[in-house]
Amino acid sequence: GGGGGGGGSGSGGGSGNDVPELIQQAICGVHDSLTEIQKLGKDWSQKDPLKFTSEIAGRAPAPFEFITFFPESFDNFRKSCDVELPAYIESFATAPGPERVIGGGRSGSFVCATHDNRFVLKTMTLAEFNLLSSILDEYLAHMLAQRGSLLTRYFGLHQIRLRGQKPLLFMVMDNVLGHSDIPIHEVYDLKGSYVDRQAISAKTAVAGEFRGTRKDMDLRRPITLSPRGRFAVTTQMAQDVTLLNGLSLMDYSLLVGIHNCDREGSCCKERRIREREEIGSKIRSEHIVRLGARGSYEEEGVSSVFFFGIIDLLQQWNSAKRAEAVVKGSIFRKDKHGISAVNPDEYAQRFIYNLTARINENASLEITPDAPAPAAAAPAAAEPAPEQPAAAEGTATEAAATAESAQSEEPPPPPPA
C-alpha cells in the first residue's frame, strides 16, 4: 500500500532497529554512492561502474566495497521521471523500519522498501543482472518514448562486496503502489493464467481475513473504468507487452492495487478535485501511473481507485521454464495453456487477451473538468474473463493490434452534463 513511515532524515542511512544487516548495508551504500555522484556536479560522465569503500562506522555492521553499475544511464533516467537527485538521496538517508522489510534477510536475499515507501530494493541473481544489463538500452529507449509506461521503473543496479562473503547484487525500483496517497485495500498479481493461480483458500475466504497479494482466480469481479481510462490502460499494456515479447521475456505480472472508497466518498474528497484539475477528460496512461484510475469495483454507487504496474520482468523462456512446462503439462497433466510457463508469444497474447477482458468500461464514470467526479454507477453486465483460454497463437504485436482495433480510435467525449 501507500503511505510514509520510517521517520525523518539522518546522516547517510542511519541504522534501523531489527533490520537485517544486508539491508542496512544496501541503504548505506546507495546513499553514499548517490552522495559521491552529487559531488561531481552537473557536468559529469560516468559510464563505467562507480566503486568505493563505504566507511559506515555506527551506521552498518562493517565497511564494505560498493559498486554502482551504469550510473550515468540511471541518473539520466531518474531525471526523465522527475526524480531529482536530492530527493532520491533523501529516500536513503534513513534506514527503513521493520515494517518496510517485505521479505528475505537470510541466505543473502531481501526485498525492502525505503523508509518513505517510494522505492523498493530487491536482491537479484547473476542471470537477472546479466539480462537487465543486456536489454538496458532497449528498455530505457522504450521508457523514454512511453512516458506513461506501466513497466517497472528500474532506478539503480548495485553490488555489495563484503570480505569473505559472496558478492550481493540488488536493484532499486520505483514502488508501483508507493505513489498512492490513499490506503490500498486489495492487491492482485495477475498473469492471465489460471492453473495454481489462487491465493485465497476457502477457509480464509469465509473468515474474510486475507491480507496478502491475491492472484488471478481470486479476482471474481470485473474492474470497470471510464471509456478513456480503459483505453489508456489497455493500449499502454499492449505496447509494453510488445516490448517484453520482443525481448523474449515471460512470466511477468500485472500488479493491481485497489482503494475502495467509502459510500459517502469522504475518503478522497480533496483527491477528486485534484483528479478533475490534473486529468479532467484528457486521461492518459501517465496520469494513471501517478494518480491511478477512478472506476467501480465493489457495488453500485461506490467508487474505487485502481493502480496498475507490470512487474517481474526479468524472466526469459529458458531451459528451467521449458522443464517446468513439461513437468506440469505432461507429468501432472495440467492444462498446458493454463499454466504460467508458456513461450513468450503465447504468454504475451494470453496476457493481453485475458487481462483486457477483466476491464470493463462505463461512460458514466467519465470525469469532466467542470463537473464533479461522479459516484460510480453499477458496472455494465459483462462476460467474466475466460478461465481456460484456448491455445494462444501469434505474437504480442498481433495481440497489441487486437487490443487497439477492438477499441479503434479514442472514445468520443461524453455528452455534456
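Because the structure is predicted, anything quoted here is derived from the model rather than measured.

Right, let's talk about the overall build of the chain for a bit. The helix and strand inventory of the chain stands at 11 helices and 14 strands. Looking at the chain as a whole, 53% of its 417 residues qualify as buried. Long-range pairs, those at least 24 residues apart, make up 74% of the contacts in the chain between residues at least 6 apart in sequence. For the chain, the exposed surface amounts to about 19,200 Å²; the carbon and sulfur share of it is 50%.

Quick look at the confidence of the model for the chain now. On average, residues of the chain score 79 in pLDDT, and 75% of them are at 70 or above. Here residues 1-16 is a poorly scored stretch, pLDDT under 50, and it has 53 contacts once near neighbours within four places are set aside; other chains count. Residue range residues 399-417 is modelled with pLDDT below 50. Its contacts to residues more than four positions away, or to other chains, number 25 contacts.

Another point: the pattern of salt bridges. Where charged atoms of side chains with opposite charge meet at close range, the side chains can pair. Throughout the structure, instances matching the rule amount to 14 salt bridges. Across the salt bridge formed by R214 and E186, the nearest N and O atoms sit 3.8 Å from each other. Here R214 is found in strand β9 (residues 214-215), whereas its partner E186 is found in strand β8 (residues 186-190), with 28 residues between them in sequence. The exposure class of E186 is buried, given its relative accessible area of 7%.

With that out of the way, let us pick up the nonpolar core. In this structure, F308 and I310 are the most contacted members of the largest nonpolar core, which totals 92 residues. Excluding residues that lie within four positions of it along the chain, I310 makes contacts with L150, L151, T152, M237, D240, V241, L244, Y252, S253 and L254. In terms of nonpolar packing, the next biggest core, distinct from the first, is built from 11 residues, L177, I182, V187 and V305 among them.

To continue, consider helix α1 (residues 21-39). Here α1 contains 19 residues, and its C-alpha end-to-end distance of 27 Å stays within 8% of the 27 Å for a straight helix at 1.5 Å per residue. By the criterion of burial, α1 is predominantly enclosed, with 14 of the 19 residues buried. With its phi angle positive at about 85 degrees, G41 sits one or two positions after the end of α1.

On to the pairing of strand β13 (residues 303-311), then. Of all 9 residues in β13, 9 are buried, a share of seventy percent or more. Pairing between strand β12 (residues 293-296) and β13: 4 bridges, direction antiparallel. Each residue of the ladder has a partner; that of S296, found in β13, is S303.

A word on the packing of aromatic side chains. Taken as a whole and judged by the stated rule, the model has 17 aromatic pairs. Plain terms: the ring middles of F77 and F155 are 5.6 Å apart, the flat faces sit at 50 degrees to each other, and that makes the pair tilted. Within this pair, whereas F77 is found in helix α2 (residues 71-80), its partner F155 is found in strand β6 (residues 154-161), the two being separated by 78 residues in sequence. Given the relative accessible area of 3%, F77 is considered buried.

This brings us to the pairing of strand β11 (residues 253-260). The element β11 is largely enclosed, with a buried count of 8 among its 8 residues. Burial of β11 is two-sided: the residues S253, L255, G257 and H259 facing one way and the residues L254, V256, I258 and N260 facing the other way are all buried. Here β8 runs beside β11; their pairing, made up of 5 bridges, is antiparallel. In the strand pairing of β11, V187 is matched with G257.

To continue, consider the packing of helix α6 (residues 227-246) against helix α10 (residues 344-357). In contact at an axis separation of 10 Å, α6 and α10 are set at 175 degrees when each is read in the N-to-C sense. Taken together, the axes of α6 and α10 are roughly antiparallel relative to one another. Contact with α6, carried on its side by R230, T234, M237, A238, V241 and N245, involves P344, D345, A348, F351, I352, L355 and T356 of α10 and no other residues of that element. Tallied by class, the residues present in the contact of α6 with α10 amount to 8 nonpolar, 3 polar and 2 charged.

Okay, the sheet that holds β8 next. The strand order β9-β8-β11-β13-β12-β10-β14 describes an open sheet built from 7 strands, whose pairing is mixed. If you trace the sheet from one side to the other, it starts and ends with β9 and β14 (359-361), each paired once. As defined by bridge partners, strand β10 (residues 223-225) adjoins β12 across 2 bridges and the pair is classed as antiparallel. Along β12, the bridge assignment pairs T224 with S296. Along the sheet face, α6 touches β10, β11, β13 and β14 and points at about 145 degrees away from the line of β14. Packing of α10 onto the sheet brings it into contact with β8, β11 and β14, and relative to β14 it is tilted by some 45 degrees.

Reading the values: the criteria
- Residues numbered from 1 in each chain as written.
- Predicted model: local features only at pLDDT ≥ 70, side-chain atom pairs only at ≥ 80, totals over all residues.
- Heavy atoms only, no water.
- Helix = DSSP H or I, 4+ residues; strand = E, 2+ residues; numbered from the N terminus.
- Buried < 20%, exposed > 50% of the residue type's maximum accessible area, 1.4 Å probe, protein only.
- Contact = heavy atoms within 4.5 Å.
- Areas by Shrake-Rupley, 256 points an atom, 1.4 Å probe, with all protein chains shown as cover.
- pLDDT = per-residue confidence, 0-100.
- Salt bridge = Lys/Arg side-chain N within 4 Å of Asp/Glu carboxyl O.
- Core = buried A, V, L, I, M, F, W, Y, C linked by side-chain atoms within 4.5 Å.
- Expected span 1.5 Å × (residues − 1).
- Pairing = 2+ DSSP bridges.
- Phe/Tyr/Trp six-rings, centres within 6.5 Å; stacked < 30°, edge-to-face > 60°.
- Axes fitted to C-alpha atoms, helices over the stretch in contact; angles between N-to-C directions.
- Parallel < 35°, antiparallel > 145°, perpendicular 65-115°, else oblique.
- Nonpolar A, V, L, I, M, F, W, Y, C, P; charged D, E, K, R; others polar.

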